[in-house]
Amino acid sequence: MVREAECGDLEEILELYLCLHETSIPEHSEQLASAWSQILQDENHHLIVNEVCGKIVSSCVCVIIPNLTRNVRPYAFVENVVTHLDYRGKGYATQCLNYAKFVAKQRNCYKIMCLTGSKEQKTLDFYTNAGYNCADKTAFIQWL
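A brief look at the structure comes next. (Residues numbered from 1 in each chain as written. Predicted model: local features only at pLDDT ≥ 70, side-chain atom pairs only at ≥ 80, totals over all residues. Heavy atoms only, no water.)

**Comments concerning the overall build of the protein**
- Helix and strand counts for the protein come out as four helices and five strands.
- Ordered by position in the sequence, the α and β elements of the protein form the string β-α-α-β-β-β-α-β-α.
- Over its C-alpha trace the protein gives a radius of gyration of 15 Å, about what one expects of a compact globule, namely 15 Å for 144 residues.
- Taken along the three principal axes of its C-alpha coordinates, the protein extends 40 × 35 × 35 Å. (Helix = DSSP H or I, 4+ residues; strand = E, 2+ residues; numbered from the N terminus. Rg over C-alpha atoms; globule rule 2.2 N^0.38 Å.)

See the structure below:
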């Protein structure tokens, strides 16, 4: 079942992020609690999860960004797409991306952007099959 994250999902999401690029779960702190609260309360921040038999197995983040161009239509940015290793190849992340697309359409976005750090062809094909392309834009990142 694909849905937006709820207050009690934090632990499972942090564990899932170990399958993304994290090497440890952050300690419970005021900073973590504040970030979690902001995410849950921000109407433009959608942390999407896919739950199978009561377990969160896949997730992505979709942020709606207000915009002054394109007839003042916002755009969506998708990040942190992840599926638990034991559940990959079953369409769970695609379902999360489809939900993100639904949210973006509901919010009248004119585009969705997605970045991946992966260079693996399987991952790139996954995004292509989900409707994304890498020909229209060039992404640059400056790490801080």
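Once the structure has been displayed, the description carries forward.
**Side note on the pairing of strand β2 (residues 45–52)**
- β2 sits mainly inside the fold: seven of its eight residues count as buried.
- In the sheet, strand β1 (residues 2–4) pairs with β2 via three bridges, with the strands oriented antiparallel. Bridge pairing in β2 links E4 to I48.
- In terms of strand pairing, β2 meets strand β3 (residues 55–65) through eight bridges, oriented antiparallel. By the bridge assignment for β3, V49 is matched with S59.
- Between β2 and the antiparallel strand that follows it, β3, lie two residues; C53 among them carries a positive phi value of about 50 degrees. (Buried < 20%, exposed > 50% of the residue type's maximum accessible area, 1.4 Å probe, protein only. Pairing = 2+ DSSP bridges.)

**As for the sheet that holds β3**
- Here we have five strands laid out as an open sheet, ordered β1-β2-β3-β4-β5, and mixed in their pairing. Edge positions in the open sheet fall to β1 and β5 (112–114), since each of these has one partner strand only. Averaged over all adjacent pairs, the angle separating strand axes in this sheet is 30 degrees, with direction ignored.
- In the sheet, strand β4 (residues 75–83) pairs with β5 via three bridges, with the strands oriented parallel. The residue of β5 that forms the bridge with A76 is I112. (Axes fitted to C-alpha atoms, helices over the stretch in contact; angles between N-to-C directions.)

**What to know about the pattern of salt bridges**
- This model, assessed by the stated rule, comprises three salt bridges.
- In this structure, R3 and E6 form a salt bridge, with 4.0 Å as the shortest nitrogen-oxygen distance.
- Residue R3 is classed as buried on the basis of its relative accessible area of 10%.
- For E6, a relative accessible area of 46% gives the class partly exposed. (Salt bridge = Lys/Arg side-chain N within 4 Å of Asp/Glu carboxyl O.)

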